Amino acid sequence: MGRYVIRRLLQMIPVFIGSTFLIFLMVYALGDPVTAFFGDRRPDPATAAAIRHEYNLDKPLWQQYLIYMGKIFTGDFGTAFNGEPVVDLMARAWPITIRLALLAVFFQAIVGITLGVLSGLRRGRALDTSVLLATLVVISIPTFVMGYLLQYLFGVNWNIAPVSVSAAAPLDELILPAIVLALVSLAYTTRLTRTSVSENARADYIRTAVAKGLPGRRITVRHLLRNSLIPVVTFLGIDIGNLMGGAIVTERIFNIQGVGYQLYQGILRQNAPTVVGFVTILVIIFLLANLLVDLLYAVLDPRIRLA
Amino acid sequence: MRDPHSERPDDVDPLANAGTGGPELPNSTEVGIDVATEEAESLENADYTHPGDPGTATSATEARSLWGHAWRDLRRNPIFLVSALLIVFLVFVSLWPSVVAGGSPYDCDLAHSREGASGSHPFGFDLQGCDVYNRTVYGARASVSVGVFATLGAALLGTVLGGLAGYFGGWWDGVLSRITEIFFGIPILLGGLVFLSVVPSGSIWPVIGFIVLLGWPQIARIARGSVITAKQNDYVQAARSLGASNSRIMLRHVLPNAVAPIIVVATIALGTYIALEATLSYLGVGLKPPTISWGQDISTAAPQYRNAPHMLLWPAAWLSVTVLAFIMLGDAVRDALDPKLR
């Protein structure tokens, strides 16, 4: 197990370098951080050259990348457009977004798996058909449309949930945004669970369990669910990155000052340190989530040996 | 539109196969139903299975039975019929919007700002006093063309790169796997925001280029997997022992048998790409005026939607229906092509 974790961590290094370098390339090579500094005005060439030199922007791109990464590992993420250190922005933004994303994954897992099991066990019946149709509709409504729709219905019309989230972002205010954030992935989780469950429900070991006279609940939970969950867990793990990326839209609609909000501000103002810094952390979270998923495999399926 | 004669052989295919009779083929009553319904089938539906057919046209006979079966399944599937009709309508609207629209989408009168629906303006007016119906109709072109071109690009690139990796294996396979992992590490919406905010243009081509850039690894993975499965078949061994060249084996034996999953994934991806384009336009980095797009109209309507919800709801509804149509089509095609479900 320990050796497996170390090997996987080593394998992550090239992926981490690749992903962050790709973003670095987009921000620093395709865009121009110095002109972004000056807004709409054209910068004075001498000043621009001085700034370029000060921020090492006159060096080749790979050197800039190495310098940047070196600084990151000492905790220096640079400064945001308003002069605030990016680290401070992160300290404020990450807790909010992590709360939002965990709440979303919670809904996604609980509701998605429950619906998926129910419809997978009743394949072809009315419940199954209506769940399938509902997931199709949910998948095809883009998150930003769904966000406004639910905000209007729950926040404005029925006045059940807050329309926007306060700066502290307590859990109860995050429930509606988390549902909005989770909905599309929830629909995918449902469909995936349904397919997996209905395939496994025909397996020999289920027939054996039924023949032994085990109670239905035990068959479903211990035999069927445990075997059907592997693709679902994979999806949930991969989806964490998407959820945090998708938080840009949700946080904009509900005025949540989390990672998505800061990233969006950074992108609009072309503030390179903010964008690259937040994305670097996102990539790390994504890679760690994938590792966690692979470790969970061994728990769910003892046949899988991690060596 | 294709010329109707080219559709003939495809329509006849399932019948020809049923006549020769594989072991799992259905009895003659079903064939009879086919004959009866064949004339009733609309030409539009025939058009929409064509993307898969070029493979069949150049392929050996073994590929035909799968497509024949799939085609017969599809024609009976109400979900397929509904989504195909919708897509035909959307493609028509995006090619000739002036036929459906009541006037120019740029013909605006501020005096009508945010007015609700009235006689000749069924969807009401937006903030600038433009007719929402006209803008919604004209918005279809951007969404559909981004979806179609981005899917074509990503599918071609993904199939070629993934297929070659799966077929030859070796170092290129390893490199490709690492590259796809790198691309999967970047959330697609985030990559799009960064990329499009630094590429200055409001036309559809940078958006398409970006979607191809971040979309191909997904298709390449599928293509790689299905090519690896297909190349292990006995008929590939047989072709190789007969002295067939690599390119001949790839094009005539492996590709036709590996293309089904790619088509399914690409069709579903088309719907999600349309949603992605709308989201990027909504965030202000995708399509920009004067290009009319649903995402952009929704974005301008958003601050006012509590007073005038119709400005947001109509483009949002059309956008959702468009995405739904493509995802339903992909679903139906998957069910038809998946032998496990038959």
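Bear in mind that the values here come from a model prediction, so they are computed numbers and not experimental data.

**So, the overall build of chain A**
Scanning chain A from terminus to terminus reveals twelve helices and zero strands. Ordering the α and β elements of chain A from the N terminus gives α-α-α-α-α-α-α-α-α-α-α-α. Along the first, second and third principal axes, the C-alpha atoms of chain A reach 85 × 55 × 30 Å. Split into buried and exposed, the 307 residues of chain A put 37% on the buried side. Pairs at least 24 apart in sequence give 73% of the contacts found in chain A among residues at least 6 apart.

**As for the overall build of chain B**
Looking only at helices and strands, chain B features 15 helices and zero strands. When the 342 residues of chain B are sorted by exposure, 48% land in the buried category. Considering only residue pairs separated by 6 or more positions, chain B has 74% of its internal contacts joining residues 24 or more positions apart.

**So, the domain arrangement of chain A**
Residue and element names in this part refer to chain A. When its domains are assigned, chain A resolves into domain 1 (2-72) and domain 2 (95-300). Taken together, the contact pairs 15 residues of domain 1 with twelve residues of domain 2. Among the elements of the structure, α1 (2-30), α2 (33-37) and α4 (61-72) are those that each provide at least two residues to the side of domain 1 that touches domain 2. With ten residues, the top contributor of residues to the side of domain 1 that touches domain 2 is α1. When grouped by side-chain class, the residues that make up the side of domain 1 that touches domain 2 number eleven nonpolar, three polar and one charged.

**Structural notes on the packing of helix α13 (residues 246-282) of chain B against helix α14 (residues 294-301) of chain B**
Residues and elements named next belong to chain B. One way to put it is that α13 packs onto α14 with a least axis distance of 7 Å and a crossing angle of 40°. By the criterion of interaxial angle, the relationship of α13 to α14 is oblique. Like other packed secondary-structure pairs, α13 and α14 cross with a definite hand, here right-handed. For the pair α13 and α14, the contacting residues are E277, A278, T279, L280, S281 and Y282 in the first and W294, G295, Q296, I298 and S299 in the second.

**Considering the UniProt feature "transmembrane region" (unreviewed entry) in chain A**
Residue and element names in this part refer to chain A. The feature "transmembrane region" (unreviewed entry), as given by UniProt, occupies residues 12-31, 96-118, 130-154, 174-192, 228-254 and 274-300 in the numbering adopted here. Structurally, residues 96-118 comprises 100% helix and 0% strand, and the distance from its first C-alpha atom to its last is 33 Å. What you have in residues 174-192 is 100% helix and 0% strand, and the ends, taken at the C-alpha atoms, are 26 Å apart.

**Comments concerning the interface of chain B and chain A**
Tallying the contact residues gives 33 residues for chain B and 36 residues for chain A. Secondary structure elements with two or more residues in the side of chain B that touches chain A: α9 (170-184), α10 (188-198), α13 and α15 (310-337) of chain B. No other element matches α15 of chain B, which puts eight residues into the side of chain B that touches chain A. Counted by class, the side of chain B that touches chain A contains 25 nonpolar, five polar and three charged residues.

**Thoughts on the UniProt feature "transmembrane region" (unreviewed entry) in chain B**
Residue and element names in this part refer to chain B. The positions that UniProt labels "transmembrane region" (unreviewed entry) are, in the present scheme, residues 79-96, 144-167, 179-198, 204-223, 254-276 and 312-333. Between the first and last C-alpha atoms of residues 79-96 the distance is 26 Å; the span itself is 94% helix and 0% strand. Span residues 204-223 is 100% helix and 0% strand, its end C-alpha atoms 27 Å apart.

**Some words on the environment of A332 of chain B**
Residues and elements named next belong to chain B. Tracing the chain through its elements places A332 in helix α15. Through-space distance from the C-alpha of A332 to that of F80 is 5.6 Å; in sequence the pair is 252 residues apart. Apart from the residues within four sequence positions on either side, A332 is in contact with L74, N77, I79, F80 and S83.

**What about unusual backbone geometry?**
The general pattern is negative phi for most residues beyond glycine and trans for most peptide bonds. All names here are of chain A. Despite not being glycine, N255 has its phi angle at roughly 55°, a positive value. Mapping N255 onto the fold places it in the loop between α10 (216-254) and α11 (259-268). By the C-beta count within 10 Å, which is 15 here, N255 ends up partly exposed.

**Here we look at the environment of G271 of chain B**
Structurally, G271 of chain B can be placed in helix α13. Separated by 59 residues in sequence, G271 of chain B and G330 of chain B place their C-alpha atoms 8.8 Å apart. For G271 of chain B, the residues in contact, after removing those within four places along its chain, are S140 of chain A together with V323, F326, I327 and G330 of chain B.

**Quick notes on the confidence of the model for chain A**
Here chain A shows a mean pLDDT of 82. Residues at 70 or above account for 95%. Per-element confidence in chain A is highest for helix α9 (residues 204-211) of chain A, whose mean pLDDT is 89, and lowest for α2 of chain A, whose mean pLDDT is 68.

**Points about the nonpolar core**
Counting residues in each nonpolar core, the largest one holds 166 residues, and the members touching the most others are V27 of chain A together with V194, I211 and I219 of chain B. By residue number, the principal contributor to this core is α13 of chain B, which donates 21 residues. With sequence-adjacent residues up to four places away left out, V194 of chain B is seen in contact with I23, M26, V27, I267 and V275 of chain A.

**Brief notes about the confidence of the model for chain B**
Model confidence for chain B is summarised by a mean pLDDT of 74, while 74% of its residues fall at 70 or above. Low pLDDT (under 50) marks residues 1-63 of chain B, which in the prediction has 56 contacts with non-local residues, meaning those over four places away or in another chain.

**Some points on the environment of I292 of chain B**
All names here are of chain B. Within the element layout of this structure, I292 appears in the loop between α13 and α14. When the 23 C-beta atoms within 10 Å are taken as the criterion, I292 is described as buried. When the C-alpha atoms of I292 and L90 are compared, they prove to be 15 Å apart, with 202 residues separating the residues in sequence. Leaving out residues up to four positions away in the same chain, I292 has contacts with P105, R135, Y138, G139 and A142.

**Comments concerning the packing of helix α11 (residues 204-231) of chain B against α13 of chain B**
Any two packed helices are characterised by the angle at which their axes cross and by the distance between the axes. All names here are of chain B. In contact at an axis separation of 9 Å, α11 and α13 are set at 155° when each is read in the N-to-C sense. Taken together, α11 and α13 sit at an angle that is classed as roughly antiparallel. Viewed along their axes, α11 and α13 form a crossing whose handedness is right-handed. Of α13, the residues touching α11 (which contributes V207, I211, G215, Q218, I219, I222, A223, S226, V227, A230 and K231) are V254, N257, A258, P261, I262, V265, A266, A269, Y273, L276, E277 and L280.

**Examining helix α6 (residues 78-95) of chain B**
Over its 18 residues, α6 of chain B extends 26 Å from the first C-alpha to the last, a length consistent with the 26 Å expected when each residue adds 1.5 Å. The set of residues buried in α6 of chain B consists of F80, S83, A84, I87, L90, V93 and S94 of chain B.

Thresholds, definitions, all that
- Residues numbered from 1 in each chain as written.
- Chains lettered and ligands numbered in written order.
- Predicted model: local features only at pLDDT ≥ 70, side-chain atom pairs only at ≥ 80, totals over all residues.
- Helix = DSSP H or I, 4+ residues; strand = E, 2+ residues; numbered from the N terminus.
- Buried ≥ 20, exposed ≤ 12 C-beta atoms within 10 Å, placed from the backbone.
- Contact = placed C-beta atoms within 7 Å.
- Domains from an automatic or database assignment.
- Nonpolar A, V, L, I, M, F, W, Y, C, P; charged D, E, K, R; others polar.
- Axes fitted to C-alpha atoms, helices over the stretch in contact; angles between N-to-C directions.
- Parallel < 35°, antiparallel > 145°, perpendicular 65-115°, else oblique.
- Left-handed = near helix turned anticlockwise from the far one by under 90°.
- UniProt positions renumbered as here; feature names shortened; annotations may be inferred.
- pLDDT = per-residue confidence, 0-100.
- Core = buried A, V, L, I, M, F, W, Y, C linked by C-beta atoms within 7 Å.
- Expected span 1.5 Å × (residues − 1).

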